[in-house]
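# Fold and geometry: a report
One-letter residues, chain by chain:
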Amino acid sequence: MSHPCLHLRLISVLLLCCILFASHVLMITALACRPDQIRALMQFKNEFESNGCNRSDYLNGVQCDNSTGAVTKLQLPSGCFTGVLKPNSSLFGFKHLRYLNISHNNFTSSSLPSEFNSLKRLEVLSLSSNGFIGQVPSSFSNLIHLTHLNLSHNELTGSFPLVKNLTKLSFLDLSYNQFSGTIPFDLLLTMPFLSHLDLKKNSLTGTFEVPNSSSYSRLVYLSLGQNQFEGKILEPISNFINLKHLDVSSLNTSYPIDLSIFSPLKSLLVLHLSRNRLLPASLNSSDIPLSLESLVMPRCDITEFPNILKTLQNLQHLDISSNMIKGKIPEWLWKLPHLSLVNLVNNSFTGFEGSSDVLLNSSVQLLDFAYNSMTGEFPLPPPNIIYLSAWNNSFTGTIPLQVCDRSSLTVLDLSYNKLTGPIPQCLSNLKIVNLRKNSLEGSIPDEFYSGAFTQTLDVGYNQLTGKLPRSLLNCSFLRFLSVDNNMIEDTFPFWLKDLPNLQVFTLRSNRFFGHLSPPDQGPLSFPELRILELSDNNFTGSLPPSFFVNWKASAIKVDEDGRIYMGDYKHAYYVYEDTLDLQYKGLFMEQGKVLTSYNTIDFSGNKLEGHIPESIGLLKALIALNLSNNAFTGHIPLSLANVTELESLDLSRNHLSGTIPRELGSLSFLAYISVAHNQLKGEIPQGPQFSGQAESSFEGNSGLCGLPLQVSCFGPPPTQQPEEEDEEKEEEGVLNWKAVVIGYGPGLLFGLVIAHVTASYKPKWYLNIVSPDKRKEVKPVRFFASLDSRWDSYDNHVEHESDT
């Protein structure tokens, strides 16, 4: 029998080996590099702000030649570098580089240096999603060993880059730029190895002619959509018999597309046809490739359900959203054996053929039929459903209890329907729950178990009663909680401040009561809270001077993922963005997307009294503050001048006295202010922040004078108007303000916020859709928007992974 001490020594040795291995595993490739190469790598890193990655992350993407020690591969982690890539960068000293991928970093305002020409051994060059501007240097044509060139998702301009000498190219991606001019199709299609060509989303022109060569048959991936091509661009398509992926979206042809043109493409797996006119007859009888796995046809003016889908037994992904299809969804659709993702959003469907269990045998995992006209009971969900969205329909009855049996279900959005009965008991199992604007009754189930996955819970605008469930404290991932416009009767939930990720909390228009700062609770501080809406309840008492000392809005913080809107972006095939009703005096916007930079406090419509805490001045990132319709007294805090991001301030209908601080004129973003119906006096400060306001913003203060009021500070004191006239005038002011908002459109409110958001955002995954029957703009679709965009993301992800 072996001695115990021997075992202990062996364990110690093993532990030591593990520690040494863990410490140096990321440096193995670097050990093969010469010391001068390591120094040059660190010099390159030091040319940029590189808080996005540490030394280990950076060197993990480096490979050196085992014999020479020269760097041959460099792949930067995403989001690693920020700054300008200069012509004298040490990057261009790595003469032995064969593989360079610096995609998904931030080289905004950088032009592409012609010094890339010095990296003559490059075989793979990926510069996508970096913010590069300007033209592609002609010297790129000297990189004759390139097999892979990716310049996509930048802001590059000018004519099509010179690629004549790049005869070894097999992969060329110039999509999502601003290239213009004619495409040399005759040259591209004769390149002997070219199999992947992506030109999508530019301003390219020209006709598409197939040369007398067999080389074009090598193409397996072709994306031409959203350009300005001329003539019958699709006629030669039938020659590309090996195509697997074809994107011809937004061609703007002068004739409807006959789907039979694609019948020779027997290997085709993905077909994007969005924003084209399709020949109606071909939707029912065309010989479309039976190999298709993904068919994308949103905004194609389709009026009847396409019967050609019956033959596509390999179909996995279907998008026919934003068309004009009426009637019921045919029962045979759900019998397609491999169907997994279906987007039927924004049509005129009235329901499902068959019984309520029509989906029970379906293989669908992501299903969105939001913004239709469906009525009746909600169907039983498919057994393997992950994402289920049916918002903005007219479903009645109760929520099927079977949703609790779907262990894979992550997102459930049944908002804006006519559902009744109780909320299911299984909310803990779901990541996103949106049941807003139904007629649900009872209380919110107190069934949230420890470690619950819930991130978003929106049950606003129902008929819920009782108290907030204390088990919400188990939802450590909870970011968004909305219970507004119900009949919940409870004290303020101070216990929620222990939730580490809660960012948005609204309990507007309920029956909450009591103090917001009782002596036994200590400071009210939520670690991440940015939006708190408590309006129209029965809160009482005063707020101590230190009330806002520990609040999150005291610091401006950029979202760590660089996202502009709050939501769930981590799933491969869907995006969910949180929405919130935004309310100011005289202005209400329903269901706007929530900017990650948005900070607001709304305590209006309660019975709060005492002085407004001076600590309000610490909330430097606060954008909107509404304390109206309370009983606050004392002066307007001078510290408000420190809230430098403030855009909307409503202190109306309180008992505030003194003068309006002139220091508020320094708030350069302040676009709306109301101090109406207080006891203020003196001259209204002059300046753009005040002179542009409506008269109703200052009325009801007998001691105020100066513009925009009609009362001069040098004339006799004004006669106080009767209360009824005051009310009429205020209503008139509110209507005038609403009229201004209508004139500028629903984006005005966020327009106030977006002024200081520096990130450039192009809504790639969401559609501002127009209902074909109502012809009005509706809320953004909370889905994967269209398979068009999801496949873009998927292809970019695959391409990036292949680089890795």
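Residues numbered from 1 in each chain as written. Predicted model: local features only at pLDDT ≥ 70, side-chain atom pairs only at ≥ 80, totals over all residues. Heavy atoms only, no water.

Take the overall build of the chain next. A count of helical and extended segments in the chain gives 10 helices and 47 strands. Pairs at least 24 residues apart make up 56% of the contacts formed inside the chain by residues separated by at least 6 positions. Element-wise, carbon and sulfur atoms account for 53% of the exposed surface of the chain, whose accessible area totals about 33,500 Å². (Helix = DSSP H or I, 4+ residues; strand = E, 2+ residues; numbered from the N terminus. Contact = heavy atoms within 4.5 Å. Areas by Shrake-Rupley, 256 points an atom, 1.4 Å probe, with all protein chains shown as cover.)

Looking now at the pattern of salt bridges. Close approach of charged atoms allows side chains with opposite charge to pair. The tally for this structure, following the rule as stated, stands at 11 salt bridges. In this structure, Asp458 engages Arg436 in a salt bridge whose closest nitrogen and oxygen atoms are separated by 2.9 Å. Separated by 22 residues along the polypeptide, Asp458 in strand β28 (residues 456-458) and Arg436 in the loop between β26 (432-434) and β27 (439-442) bring together distant segments of the chain. Just as Asp458 is buried, Arg436 falls in that class too. With a closest N to O distance of 2.8 Å, Arg436 and Asp484 form a salt bridge. Taken together, the residues span a long stretch of sequence, with Arg436 in the loop between β26 and β27 and Asp484 in the loop between β30 (480-482) and β31 (504-506) at a distance of 48 residues. Under the relative-accessibility criterion, Asp484 is labelled buried at 1%. It is possible to trace a salt-bridge network through shared partners that takes in Arg436, Asp458, Asp484 and Asp581. (Salt bridge = Lys/Arg side-chain N within 4 Å of Asp/Glu carboxyl O. Buried < 20%, exposed > 50% of the residue type's maximum accessible area, 1.4 Å probe, protein only.)

Right, let's get into the side chain of Asn606. Relative to the elements of secondary structure, Asn606 occurs in the loop between β39 (600-602) and β40 (607-611). Assessed through its relative accessible area of 7%, Asn606 is described here as buried. A polar side-chain atom of Asn606 sits 3.2 Å from the main-chain carbonyl oxygen of Ser604. Excluding residues that lie within four positions of it along the chain, Asn606 makes contacts with Leu534, Ser535, Asp536, Asn537, Asn538, Phe539, Asn629 and Asn630. (Polar contact = N/O pair within 3.5 Å; in protein donor to acceptor, adjacent residues only side chain to side chain.)

Evaluation of the coordinates by the stated rule reveals four disulfides. A disulfide bridge connects Cys33 with Cys64, and the sulfur atoms are separated by 1.8 Å. One disulfide, between Cys33 and Cys64, carries an S-S torsion of 95° and so falls in the right-handed class. Note that Cys33 is positioned in the loop between α2 (28-31) and α3 (35-46) and Cys64 in strand β1 (residues 62-64), a separation of 31 residues in sequence. Sulfur-sulfur distance for the disulfide between Cys53 and Cys80 comes to 1.6 Å. Here the residue Cys53 occupies a position in the loop between α3 and α4 (55-59), and Cys80 occupies one in the loop between β2 (71-75) and β3 (99-101), the gap between them amounting to 27 residues. When sorted by exposure, Cys53 lands in the same class as Cys80, which is buried. (Disulfide = S-S within 2.5 Å.)

Spatial relationships are all this shows, so hold off on functional conclusions.
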